[in-house]
Amino acid sequence: MNSINYIARTGTNFPSTVRVPDDDTRVLKPGAWNRKLGAKVTKGAWASMPIYCLTLEERKTCPSTCENWACCYGNHMPFAHRFEHGAELEDRLDTELAVLQLFHPRGFVVRLHVLGDFYSAEYVERWAEWLDRFPALHAYGYSAWLPDTAIGEALAEIHSDRFVVRTSGIDTKTVTDWSPDDRASGIRCPVQMDKAVSCGSCALCWSTDKVVIFKVH
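Residues numbered from 1 in each chain as written. Predicted model: local features only at pLDDT ≥ 70, side-chain atom pairs only at ≥ 80, totals over all residues. Heavy atoms only, no water.

Enquirer: What is the right way to read the sheet that holds strand E8 (residues 172-175) from this model?
Expert: Backbone hydrogen bonds hold the strands of a sheet together, and the pairing may be parallel or antiparallel. The three strands lie next to each other as E8-E10-E9, forming an open sheet whose pairing is parallel. With partners counted over all chains shown, the strands left at the sheet margins are E8 and strand E9 (187-188), one partner each. Pairing analysis gives two bridges linking E9 to strand E10 (residues 212-215), with the strands arranged parallel. Opposite Ile-187, over in E10, you have Val-212 as the bridge partner. (Pairing = 2+ DSSP bridges. Helix = DSSP H or I, 4+ residues; strand = E, 2+ residues; numbered from the N terminus.)

Enquirer: Whenever I open this one, the side chain of Thr-167 confuses me. Can you help?
Expert: Assignment of secondary structure puts Thr-167 in strand E7 (residues 163-167). Given a relative accessible area of 14%, Thr-167 falls into the buried group. (Buried < 20%, exposed > 50% of the residue type's maximum accessible area, 1.4 Å probe, protein only.)

Enquirer: Quick question: what am I supposed to make of the environment of Val-164 here?
Expert: Among the secondary structure elements, Val-164 is positioned in strand E7. Among the residues examined, Val-164 registers a relative accessible area of 9% and is labelled buried. Considering only alpha carbons, one finds Val-164 and Tyr-140, 24 residues apart in sequence, at a separation of 4.6 Å.

Enquirer: Would you explain empty space enclosed by the protein in this entry?
Expert: Unfilled space is identified by rolling a water-sized probe across the atoms. Under the counting rule described, the total for this entry stands at one cavity of 30 Å³ or more. There is about 90 Å³ of room inside the largest cavity. Elements supplying a minimum of two residues to the lining of the largest cavity: strand E6 (137-143) and E10. A class-by-class count of the residues in the lining of the largest cavity yields 13 nonpolar, no polar and one charged. (1 Å grid on protein atoms, 1.4 Å probe; cavity = no way out; pocket = protein on both sides within 12 Å on 5 of 7 lines; lining within 4 Å. Points joined across faces, edges and corners; volume = space filled by probe spheres on them. Nonpolar A, V, L, I, M, F, W, Y, C, P; charged D, E, K, R; others polar.)

Enquirer: Explain the nonpolar core here, please?
Expert: Soluble, globular proteins show a tendency: their nonpolar side chains are buried together. Residues Leu-54, Phe-118, Trp-127 and Phe-163 are the most contacted members of the largest nonpolar core, which totals 32 residues. Among the elements that take part in this core, helix H2 (residues 121-133) stands out by supplying six residues, more than any other. The residues touching Trp-127, leaving out its near neighbours within four places in the chain, are Leu-54, Leu-93, Leu-97, Val-110, Leu-112, Phe-118, Leu-137, Ile-158 and Phe-163. By size, the runner-up hydrophobic cluster in this structure holds 25 residues, among which are Val-114, Tyr-142, Cys-202 and Val-212. (Core = buried A, V, L, I, M, F, W, Y, C linked by side-chain atoms within 4.5 Å. Contact = heavy atoms within 4.5 Å.)

Enquirer: How should I be thinking about H2 in this particular structure?
Expert: In an α-helix there are 3.6 residues to a turn, and that puts residues three or four apart on one side. Under the 1.5 Å per step criterion, the end-to-end length of H2 is 19 Å for 13 residues, consistent within 8% with the ideal 18 Å. Restricting attention to buried positions, one finds in H2 the residues Ala-121, Tyr-123, Val-124, Arg-126, Trp-127, Trp-130 and Leu-131. (Expected span 1.5 Å × (residues − 1).)

If you want it as structure tokens, here you go:
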């Protein structure tokens, strides 16, 4: 197994937007505040579940091998609230997930991570613990950590019908422009193709084994 499990030193282009989580800070934001995500899931196995999202600091929590390292769409998000990773974040997540379990016992969805990535194998293990403790919790997202890294291996171990994280370059593909060849290699993101209003009305990323193709923002 490749032992790479480091934190990149380069972070966001907007350091003033990085916040330290505390008791007065809500780190899981409603999906309704993000037009692309939507307020809730409206189709598939997760239908009717409300969506929440977590945003970390791009590049600082990502492997430098990410194919979109330089062109990260966080470069164009000067107003996003990014949360500093670490113990304070995990303590805050523990509290908020417990509250969401009480409010949404039939299920809720967390989008991991609008910006940023899993920053350690131990952090992945926290999500495994939360999945056990909170049966209403469902999560999906994307990661640039490859399967032969410590983080990638940890993610593969907890993949389930309630926790779906796609590996960039394997389960997803990014292109600078659409091509006729796309249809042979995967499915174009329906939201980017204006065939779905939001992730909640699409549900593709957590319900298909096919590669999902995204156009670089």
